[in-house]
Amino acid sequence: MQNERLNSLLKKYEELYQLVQEPDLSKDMKKYREVMREYSHLGEISKANEDLNSITRQLEDARTLVQNEKDQDMKELAKEEVKELEIRAREAEDKLKFLLVPRDPLDEKDIIMEIRAGTGGEEAALFVSDLYSMYSRFAETKSWKFEIMNSNETELGGFKEIIFSVSGKNVYENLRYESGVHRVQRVPATESSGRIHTSAVTVAVLPEADETEIDIHQDDLRIDVMRAGGPGGQSVNTTDSAVRITHLPSGLSVHCQDEKSQIKNKAKAMRILRARIYEMEEAKAASERAEARKSQIGSGDRSERIRTYNFPQNRLTDHRINLTLYKLDLIMQGDVEELFDSLKLSAREELLKASASAS
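Since we're looking at a predicted model, the values are computed, not measured. (Residues numbered from 1 in each chain as written. Predicted model: local features only at pLDDT ≥ 70, side-chain atom pairs only at ≥ 80, totals over all residues. Heavy atoms only, no water.)

Colleague: Run through the nonpolar core, naming residues and quoting values.
Modeller: In terms of nonpolar packing, the biggest core is built from 59 residues, with Met113, Ile115, Leu131, Tyr135, Leu175, Leu273 and Tyr309 touching the most fellow members. The leading source of residues in this core is helix α4 (residues 121-141), at 8 residues. Those residues in contact with tyrosine 309 that sit more than four places away from it in its chain are Phe127, Leu131, Met134, His182, Arg183, Val184, Gln185, Arg315, Leu316, Leu328 and Met332. Counting residues in each nonpolar core, the second largest holds 23 residues, with Ala78, Ala89, Leu99 and Leu100 among its members. (Core = buried A, V, L, I, M, F, W, Y, C linked by side-chain atoms within 4.5 Å. Buried < 20%, exposed > 50% of the residue type's maximum accessible area, 1.4 Å probe, protein only. Helix = DSSP H or I, 4+ residues; strand = E, 2+ residues; numbered from the N terminus. Contact = heavy atoms within 4.5 Å.)

This is the structure:
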């Protein structure tokens, strides 16, 4: 089954190679982006396959040398080479297997991320700000585009809620496992007795939908405009620039006030609403899929506690994959590559097991 899939993908790669040579392809930018995205992914598979074949040939040559070599020193050298090549062959085979796991089409999507303070009052709001800073710094290392859609700031500089978009290469693939409850344990800046408090923050990661993917009828919307409010309920401006859009069939409601322009706030609110509806439909579809599609990473349910940030011990623990890292200070500065790679690896391993049992 695996060989059949590999041969089929390599054939598809050759077909796409011919297609990308055609000058007319770039006239349709949407099709061009789709073709180039698939061509790039299949190119990785082709390269991984070539690497594995090359290592396999070297390994066969080295084994033949071990069998036929009369000189003992040369024979020992050949044995060492066999050991090294066997390790490289296993690694190359694992890499190819990972690339052959069917990709989730959502992985390449841009996202809208929502972070909200849960239990813990002002301390939870401050941690919302810390998480926002962590994600934005990581986005900078990836050269992703980052835009605040809406925020509700507190008097101490935290956020009751912040919503922002992230766009770039494979954004959803990297950030999809952040959905859930993030628990923080630390001594709050407002705590005089030095007691450690436990607070919680909720994160939602929504793949951003194109207008063509989610059709929202104007008749299904109620749009209210109002004046924006700031920390402590003070007025931010004197015009009715804030917008609340309610999707009547689902009951979903989105409020945006960060822009001074009502038109811009409405556009942002529609993007958030579209993403929430898209996520709702995807969640419904996911629940109907086979058990094989589920991984140990978890459902991404926002009520699921996924991670604990323990500041006194400089420790981060991800409860889904039993991963503990003692570098919380660096992680909060945006050094999350190891964490995110571990989550992606674990998910892929589960998908590999599922695809192996299915075949």
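After that view of the structure, there is still more to cover.
Colleague: Go over the sheet that holds strand β6 (residues 221-226), please, and point to the residues and values.
Modeller: Strand-to-strand pairing in sheets goes through backbone hydrogen bonds, with the strands running parallel or antiparallel. Within the open sheet, the 3 strands sit side by side as β6-β7-β8. Their pairing is antiparallel. Of all strands in the sheet, those with a lone pairing partner are β6 and β8 (252-256), marking the two edges. Recorded for the sheet is a direction-independent mean angle of 15° between the axes of neighbouring strands. Summarising the sheet, β6 and strand β7 (residues 242-247) pair through 6 bridges and their orientation is antiparallel. Bridging across to β7, methionine 226 finds its partner in alanine 242. (Pairing = 2+ DSSP bridges. Axes fitted to C-alpha atoms, helices over the stretch in contact; angles between N-to-C directions.)

Colleague: For the sheet that holds strand β2 (residues 145-153), give the residues involved together with the corresponding values.
Modeller: Read across the sheet, 8 strands follow the order β2-β3-β1-β5-β4-β9-β10-β11 without closing on themselves; strand pairing throughout is mixed. In the strand order of this sheet, the two ends are held by β2 and β11 (323-325), each with one partner. The average angle at which neighbouring strand axes cross in this sheet is 15°, direction not considered. Bridge count for strand β4 (residues 180-186) against strand β5 (residues 197-207) is 7 bridges, and the pairing is antiparallel. Bridge pairing links valine 181 to threonine 202 in β5.

Colleague: I'd love a proper account of the packing of aromatic side chains, names of residues and values included.
Modeller: Following the criterion strictly, the structure yields 9 aromatic pairs and no others. Note on tyrosine 132 and phenylalanine 159: the rings are 6.4 Å apart at their centroids and 70° apart in plane angle, and the pair reads as edge-to-face. Taken as a pair, tyrosine 132 in helix α4 and phenylalanine 159 in strand β3 (residues 159-167) lie far apart in primary sequence, 27 residues in all. Phenylalanine 159 carries the same exposure label as tyrosine 132, and that label is buried. On the basis of an interplanar angle of 25° and a centroid distance of 4.8 Å, the ring pair of phenylalanine 146 and phenylalanine 164 is categorised as stacked. Of this pair, phenylalanine 146 sits in strand β2 while phenylalanine 164 sits in strand β3; the two residues are 18 residues apart in sequence, bridging distant segments of the chain. By relative accessible area, phenylalanine 146 is classed as partly exposed at 24%. Here a set of aromatic residues connected by ring pairs shows up, and it is made of Tyr132, Phe146, Phe159 and Phe164. Here arginine 186 stacks its cationic end above the ring of phenylalanine 311, 4.8 Å away from the centre of that ring. (Phe/Tyr/Trp six-rings, centres within 6.5 Å; stacked < 30°, edge-to-face > 60°. Lys NZ or Arg CZ within 6 Å of the ring centre and 35° of its normal.)

Colleague: Please set out the side chain of serine 151 residue by residue, giving values where relevant.
Modeller: By secondary structure assignment, the location of serine 151 is in strand β2. If sequence neighbours within four positions are ignored, serine 151 has contacts with Phe159, Glu161, Ile162, Gln257 and Asp258.

Colleague: Please provide a residue-by-residue account of the pattern of salt bridges, values included.
Modeller: Using the criterion set out here, one finds 24 salt bridges in the structure. Note that glutamate 80 and lysine 83 form a salt bridge whose closest N and O atoms lie 3.9 Å from each other. Placement of the pair is glutamate 80 and lysine 83 together in helix α3 (residues 72-100), with a separation of 3 residues, close to one helical turn. For aspartate 107, the salt bridge identified is with arginine 176, shortest N-O distance 2.6 Å. Here aspartate 107 is found in the loop between α3 and β1 (111-117), whereas its partner arginine 176 is found in the loop between α5 (171-175) and β4, with 69 residues between them in sequence. Each member of the pair, aspartate 107 as well as arginine 176, carries the same accessibility label: buried. Via salt bridges that share partners, Glu147, Glu208, Glu259, Lys268 and Arg271 belong to a single interconnected network. (Salt bridge = Lys/Arg side-chain N within 4 Å of Asp/Glu carboxyl O.)

Colleague: Requested: an account of a negative patch on the surface, with residues and values cited.
Modeller: The grouping of Glu60, Asp61, Glu81 and Glu84 at the surface amounts to a negative patch. Secondary structure elements with two or more residues in the negative patch: α2 (29-68) and α3. Mapped onto the elements, glutamate 84 comes out in helix α3. (Patch = residues over 30% accessible without salt bridge, like charges linked within 9 Å, V, L, I, M, F, W, Y side chains within 5 Å. Areas by Shrake-Rupley, 256 points an atom, 1.4 Å probe, with all protein chains shown as cover. Lys, Arg positive; Asp, Glu negative; His and termini not counted. Charge placed at Lys NZ, Arg CZ, Asp CG, Glu CD.)

Colleague: With reference to specific residues and values, describe a nonpolar patch on the surface.
Modeller: Among the surface-exposed residues, Leu65, Met74 and Leu77 lie close enough to one another that they form a single nonpolar patch of about 270 Å² accessible area. Among the structural elements, leucine 65 can be located in helix α2.

Colleague: Give a description of the packing of α2 against α3 that names residues and reports values.
Modeller: When two helices pack together, their arrangement is given by the angle between their axes and by how far apart the axes lie. Direction vectors running N to C along α2 and α3 enclose 160°, while the axes themselves pass 8 Å from each other. As the angle between them shows, α2 and α3 are arranged roughly antiparallel. Between α2 and α3 lies a crossing whose hand is left-handed. Classifying every residue of the contact of α2 with α3 by side-chain character gives 16 nonpolar, 4 polar and 8 charged. (Parallel < 35°, antiparallel > 145°, perpendicular 65-115°, else oblique. Left-handed = near helix turned anticlockwise from the far one by under 90°. Nonpolar A, V, L, I, M, F, W, Y, C, P; charged D, E, K, R; others polar.)

Shape is all these values report; function is a separate question.
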